[in-house]
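A look at the structure
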Amino acid sequence: MLHVSVIADLISRGRFPQKDLESLFPGMSADFTSENFSAAWYLIENHSTTSFDQLKTAVVNLKKQANKKNEGSLAYVKGGLSTFFEAQDALSAIHQKLEADGTEKVEGSMTQKLENVLNRASNTADTLFQEVLGRKDKADSTRNALNVLQRFKFLFNLPLNIERNIQKGDYDVVINDYEKAKSLFGKTEVQVFKKYYAEVETRIEALRELLLDKLLETPSTLHDQKRYIRYLSDLHAPGDPAWQCIGAQHQWILQLMHNCKESYVKEQKGNALLHSPMLDLDSDVRPSPIGHLSQTASLKRGSSFQSGRDDAWRYKAPQQVVFVEKLTKLVVSQLPNFWKLWVSYVNGSLFSETAEKSGQMERSKKNARQRQNDFKKMIQEVMHSLVKLIRGALLPFSLREGELRQYGGWEMKSELSGQWLTQVIQTVRLSSESLTALEIPNDMLQIIQDLILDLRVRCIIVTLQHTAEDIKRLAEKEDWVVDNEGLTSLPSQFEQCIIRSLQSLKTVLDCKPGEASVFQQQKTQEDVCQLSIGIMQGFIDCLEQLSTKPDGDIDTSHLSADVSSPDLFGSIHEESSLSSEQRLLIGLSNCRYLERHTFLNIAEHFEKHGFQGVDKITQVSMESLKELDQRLFEMYIEFKADPIVGSLEPGIYAGYFDWKDCLIPTGVRNYLKEALVNIIAVHAEVFTISKDLVPRVMSRVVEAVSEELSRLMQCVSSFSKNGALQAKLEICALRDTVAIYLTPESKSSFKQALEALPQLSSGTDRKLLEELLNKFKSSMHLQLTCFQASSSAMMKT
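Note that this is a predicted model, so its numbers are computed, not measured.

1. Re the overall build of the protein
Along its length, the protein carries 34 helices and zero strands. Counting across all 797 residues of the protein, residues that qualify as buried make up 44%.

If you want it as C-alpha cells, here you go:
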C-alpha cells in the first residue's frame, strides 16, 4: 500500500492536515484508487507550496471544465440521431424486399442457378483447352528454369571458377566471389542453392588449407607472408594464421642456426659440407634493408660482412671464425623480417592497409597484447641460441655440460689468437648494431652485450698470453749488435712487441655505445694485471737467460757490425763469439735502459689503453728488474774483481818478500802494476760495451781491491822502516790512480790500510815517497790516461 505510506508520511510531516486531504479525496482510506493517488502525488510534486484554499478553488474550476466537455459531446449525438434512424429503416426495407422476391421466383438460394451455369462453363472450357494449357504450363516451366539458370549462373558456375582462379593464383578474385556468394546464398533455404553453396564452401576450405601451407612454407618473403595472412583473414580461416606464421618462422630460424653449426662442425672434422636447401644460405636467406645497411657499414669499417671478401681469407680463417660470420649474417638477414612481421601483427596492418576492417584489427591487437610475453620469449630464445652457439665455438668453458653437448662439438686443438677474436668481436658488434636498429628492446639484446664483454675480456687475456709467449721467443732474435748507448735491439723489440699487442687491442678496449668497460670486474683487473706482470717478468727472464747461459750455448753466427758505431766497438764483432763477461755487460746495459726508459714507456701505454693497476705492474717489474741487474752485476764483479783481488797476496809476497826485512823501496812493485793493468782491462771492456756502466763497475772493483789490500795490511804483524815505506808507496799509488772511482767504502778501506802502517817519522822518507809516487805516475802515464780522460764524463754520469 504505497499510496497509504506516502500520504501517512505527508501527514506526519504536517504538510497537509488529515481533514483537508479527506475533503480533496473523499473515501480515500480503504478504496483509495491509483488515479486518486496519481492526482495526490501530482499535487505533492508540483503544488507542495500552494495553499489548501487555492487548491480547492482549482478543483472546482477543473470540475466545471469537465462538465462542459461532456455536455458538448452529448449535444452532438442528439442532433444527428434522426438521420441514423432513417438510414436504419431504409436498409431494413431493402433487405425484406430482396428476400421476398428470391423466395417467390427461385427455389433455394438466389445464386444457386448462377453457380451451376458457371460450373458447366468451366468444365466445357477445360475439355476444349486442356492440351493447350498443358503445353503452356510446360513452356512456362521451361522458361522459368531458364530464367533461374540465367539469373543465378554466378552461383552455379562458382565452384568451377574457384578452381580455375586458384590454379592461376588469382586469390583476390576467389575471395571477392566467395564474399558475394556468401552474402547472397549464405542463408538460403532453396535446396539447389544450398547444394551448390556447399560445393563452394568445400573448395574454399581447400583454399584455406592451401594458403595456410603456403604461409607456413619456408623460406618465404615478408610480402608473401602478409599477403597469405590477409587472404586467410578474408576467408575467415579458423585460429590465428598470423601467429602460426610467427611461430613457424621462429622455429625455422632456430633450425637454420643449428644446421649452420652442424655443417661447420662436420666440415671441421673432415666431412664434406652438406649442400641442402636448408643449408644453402646464400640463396635461401632473404635479404633485408637492415642487413643491407649493416653490410654497407661493414664495408666502410672493414668488417667481416664484406660480401666481396677474398676467398683466401675464408680459406685461412679458422672454422669457428667463418661459422660466426655465417651465423651472424643469417640472424641479421632473418630477424628483421621476423620482427617486422610481429610489428605488423601488433598494429593490425596485416589485415588492412587502410584500416577499413576495424574489427579484425582490434582482434589482432587484442591477440597481440595477449601474446607479447610469448613473442618476447621467442626473441629471447633466438638471442640465447645465437649467443650460446658462438660461446660453444669460442668460449666453450662458459657453457654448462648439457649446453655444451647441444651448442658445442668443436675440436678445440688450440685457442683462437687475439687477431681472430678481434675479428669475431667486430662481427658480433655489427650484428648488435643491426639488431638495435630494429628497435628491439635493449633487455632482449643485453645477452649479446654480455657475450661481447666476455669476448673482449677473453681477447685481452689471449692476446696477453700470446704476447708473453712471443716475449719468451725474443731471445732467439737477439743479434748482440751494440749501438752507441751500449744497447742491443732487444729492449726496442720488447717495447715494440708490447705496443703492437696493445694497438691490436685498441678496438677491443674501446667501448661502443651500450658496452661496459672490460675492466669493470675486479677479477678481470687482477687477471690482466698478473698477465702484464708475467709479460714483464718473461722478458726479464729472457734477459737473464741470454746474459748467463754458458758460452757454448750462444749462437753468434748471425753477428754483424753496427755501421753507425765507431771503431771502438769493432773488437766485439771481430771475435767469433762473445765472452760471458761481455754478455753480462750487455745485459746490464739493457737492464739500465729498461729501468730508465722502456718500462716507463710501457707503463704510459698501459695507462693510455685504460689498464688498471699500472703502478703495481711497474713496481713489481722494476723490483724484479733491479734484482736481475744486481745478480748480473754481482756475477760480473765476481768474474772480474775476484781474479784481481786473488792476485794481490801472491804478488805481494812473491820472491819470499817480507815486510820486516826488505830493501829501500825503488818503486811500485810489479804485482800492483799488474793489478792496475787488469783494472784498466776491465775499464776498457766496460767502456767498449757501455761507458755509462764504467763508474758503477770500476767503483765496485776498486772497493774489492782496496778491501783486500786493507785486509792484507792489517794481517801483517810488524813492518820495518823500509817495509812501511814500501807499503805506503803502493797503497798511495793505487789510491791516487783510481781516485775518481773512490767511494766511501773504498776510501775507508784505504784509510784502514794506511792506519795499519807505522808513521813515517823523517822528512827524508816522506820526500822519497813523493819522488817514487811521481816516478810511478810518470812511467805509467799512458796506462793511467784512460782514468783521467774519462773522469769528467764518468763523474757526470
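2. Looking at helix H16 (residues 319-347)
End to end, H16 covers 42 Å across 29 residues, agreeing with the expected 42 Å (1.5 Å per residue, within 8%). Residue leucine 335 marks the point of greatest curvature in H16, where the axis turns by about 25 degrees; the proline proline 336 follows within four residues. When you tally the buried positions in H16, you get 24 out of 29 residues, the bulk of the element. Once H16 ends, the next one or two residues include glycine 348, with phi positive near 80 degrees.

3. Section: the environment of valine 645
Here valine 645 is to be found in helix H27 (residues 614-652). Assessed through its relative accessible area of 15%, valine 645 is described here as buried. C-alpha of valine 645 to C-alpha of alanine 675: the two residues are 30 residues apart in sequence and 8.1 Å apart in space.

4. So, the nonpolar core
Ranked by internal contacts, the top residues of the largest apolar core, which has 190 residues, are Met257, Ile448, Phe494, Val697 and Met713. In terms of residue count, the dominant contributor to this core is helix H21 (residues 442-472) (16 residues). In this structure, phenylalanine 494 is in contact with Ile471, Leu474, Ile535, Met536, Phe539, Leu594, Thr598, Phe599 and Ile602, ignoring residues within four places of it in sequence.

5. Some remarks on the side chain of glutamine 320
Along the polypeptide, glutamine 320 turns up in helix H16. With near-sequence residues (within four places) excluded, glutamine 320 lies in contact with Gln268, Ala393, Leu394, Trp410, Glu411, Met412 and Leu416.

6. As for the packing of aromatic side chains
With the rule as written, the count across this model stands at 14 aromatic pairs. Taking 4.0 Å as the distance between ring centres and 10 degrees as the angle between the ring planes, the aromatic pair formed by phenylalanine 494 and phenylalanine 539 counts as stacked. Of this pair, phenylalanine 494 sits in helix H22 (residues 490-504) while phenylalanine 539 sits in helix H24 (residues 522-548), and the two are 45 residues apart along the sequence. Between the aromatic rings of phenylalanine 494 and phenylalanine 599, the centroid separation amounts to 6.2 Å while the plane-to-plane angle is 55 degrees, which identifies the pairing as tilted. Of this pair, phenylalanine 494 sits in helix H22 while phenylalanine 599 sits in helix H26 (residues 580-608), placing them 105 residues apart in sequence. Both residues of the pair, phenylalanine 494 and phenylalanine 599, belong to the buried class.

7. Side note on the confidence of the model for the protein
Confidence along the protein averages 78 in pLDDT terms, with 78% of residues attaining 70 or more. Across residues 271-313 the pLDDT falls below 50, and counting only partners more than four positions away or on other chains, this stretch makes 77 contacts in the model. In the predicted structure, residues 556-576 sits below a pLDDT of 50 and forms 37 contacts with residues beyond four places in sequence or in another chain.

8. As for the pattern of salt bridges
Scanning the entire structure with this criterion turns up 29 salt bridges. Linking glutamate 403 and lysine 388 is a salt bridge whose minimum nitrogen-to-oxygen distance equals 2.9 Å. Here the residue glutamate 403 occupies a position in helix H19 (residues 401-407), and lysine 388 occupies one in helix H18 (residues 372-394), the gap between them amounting to 15 residues. In this structure, glutamate 515 and arginine 429 form a salt bridge, with 2.8 Å as the shortest nitrogen-oxygen distance. Placement of the pair is glutamate 515 in the loop between helix H23 (506-509) and H24 and arginine 429 in helix H20 (residues 418-436), with a sequence separation of 86 residues. The same class applies to glutamate 515 and to arginine 429, which are both buried. Where salt bridges share partners, they join Glu163, Glu199 and Arg203 into one cluster.

9. Let's talk about unusual backbone geometry
Glycine aside, the phi torsion of most residues is negative, and most peptide linkages are trans. In the Ramachandran plot, tryptophan 480 falls in the positive-phi region, its phi being about 60 degrees despite a non-glycine side chain. Looking at the secondary structure, you find tryptophan 480 in the loop between H21 and H22. The backbone of tyrosine 656 shows a phi angle near 55 degrees, a positive value even though the residue is not glycine. Note on placement: tyrosine 656 falls in the loop between H27 and helix H28 (670-689). Take tyrosine 656: its relative accessible area is 82%, and that puts it in the exposed class.

10. Considerations on the packing of helix H9 (residues 171-185) against helix H11 (residues 222-234)
Where H9 meets H11, the closest approach of the two axes is 10 Å, and the angle between their N-to-C directions is 15 degrees. Relative to H11, H9 is oriented roughly parallel. Handedness of the H9/H11 crossing: left-handed. Residues Tyr171, Asp172, Ile175 and Glu179 of H9 lie in contact with H11, whose contacting residues are Arg227, Tyr228, Tyr231 and Asp234. Looking at the contact of H9 with H11, its residues break down into four nonpolar, no polar and four charged.

11. A look at the packing of helix H10 (residues 191-216) against H11
Axis separation between H10 and H11 bottoms out at 9 Å; the angle between their running directions is 155 degrees. Considering their axes alone, H10 and H11 lie roughly antiparallel with respect to each other. The element H10 and its partner H11 pack so that their crossing is left-handed. Contacts between H10 and H11 involve Arg208, Leu211, Leu212, Lys214 and Leu215 from the first element and Gln225, Tyr228, Ile229, Tyr231 and Leu232 from the second. Its residues placed into classes, the contact of H10 with H11 shows seven nonpolar, one polar and two charged.

12. Concerning the environment of cysteine 786
You can see cysteine 786 is positioned in helix H33 (residues 781-789). It is 9.9 Å that separates the C-alpha atoms of cysteine 786 and phenylalanine 687, two residues lying 99 residues apart in sequence. Residues in contact with cysteine 786, not counting those within four places in the same chain, are Ile680 and His683.

13. A short note on H10
Spanning 26 residues, H10 covers 38 Å between terminal C-alpha atoms, matching the ideal 38 Å at 1.5 Å per step. Turning to H10, its buried residues number three or more, namely Phe193, Tyr197, Val200, Ile204, Leu207, Arg208, Leu211 and Leu215.

14. Digging into a nonpolar patch on the surface
A surface patch of nonpolar side chains, amounting to about 390 Å² of accessible area, comprises Leu128, Phe129, Val132 and Leu133. By secondary structure assignment, the location of leucine 133 is in helix H7 (residues 112-151). Residue classification places leucine 133 among the partly exposed positions, given a relative accessible area of 42%.

15. Comments concerning the environment of glutamine 521
Position of glutamine 521 among the secondary structure elements: in the loop between H23 and H24. On the basis of relative accessibility, which here comes to 42%, the residue glutamine 521 falls in the partly exposed class. Considered as a pair, glutamine 521 and valine 457 are 64 residues apart in the sequence and their alpha carbons are 10.0 Å apart.

About the criteria used
- Residues numbered from 1 in each chain as written.
- Predicted model: local features only at pLDDT ≥ 70, side-chain atom pairs only at ≥ 80, totals over all residues.
- Heavy atoms only, no water.
- Helix = DSSP H or I, 4+ residues; strand = E, 2+ residues; numbered from the N terminus.
- Buried < 20%, exposed > 50% of the residue type's maximum accessible area, 1.4 Å probe, protein only.
- Expected span 1.5 Å × (residues − 1).
- Bend = angle between axes of the 7 residues up to and from the residue.
- Core = buried A, V, L, I, M, F, W, Y, C linked by side-chain atoms within 4.5 Å.
- Contact = heavy atoms within 4.5 Å.
- Phe/Tyr/Trp six-rings, centres within 6.5 Å; stacked < 30°, edge-to-face > 60°.
- pLDDT = per-residue confidence, 0-100.
- Salt bridge = Lys/Arg side-chain N within 4 Å of Asp/Glu carboxyl O.
- Axes fitted to C-alpha atoms, helices over the stretch in contact; angles between N-to-C directions.
- Parallel < 35°, antiparallel > 145°, perpendicular 65-115°, else oblique.
- Left-handed = near helix turned anticlockwise from the far one by under 90°.
- Nonpolar A, V, L, I, M, F, W, Y, C, P; charged D, E, K, R; others polar.
- Patch = residues over 30% accessible without salt bridge, like charges linked within 9 Å, V, L, I, M, F, W, Y side chains within 5 Å.
- Areas by Shrake-Rupley, 256 points an atom, 1.4 Å probe, with all protein chains shown as cover.

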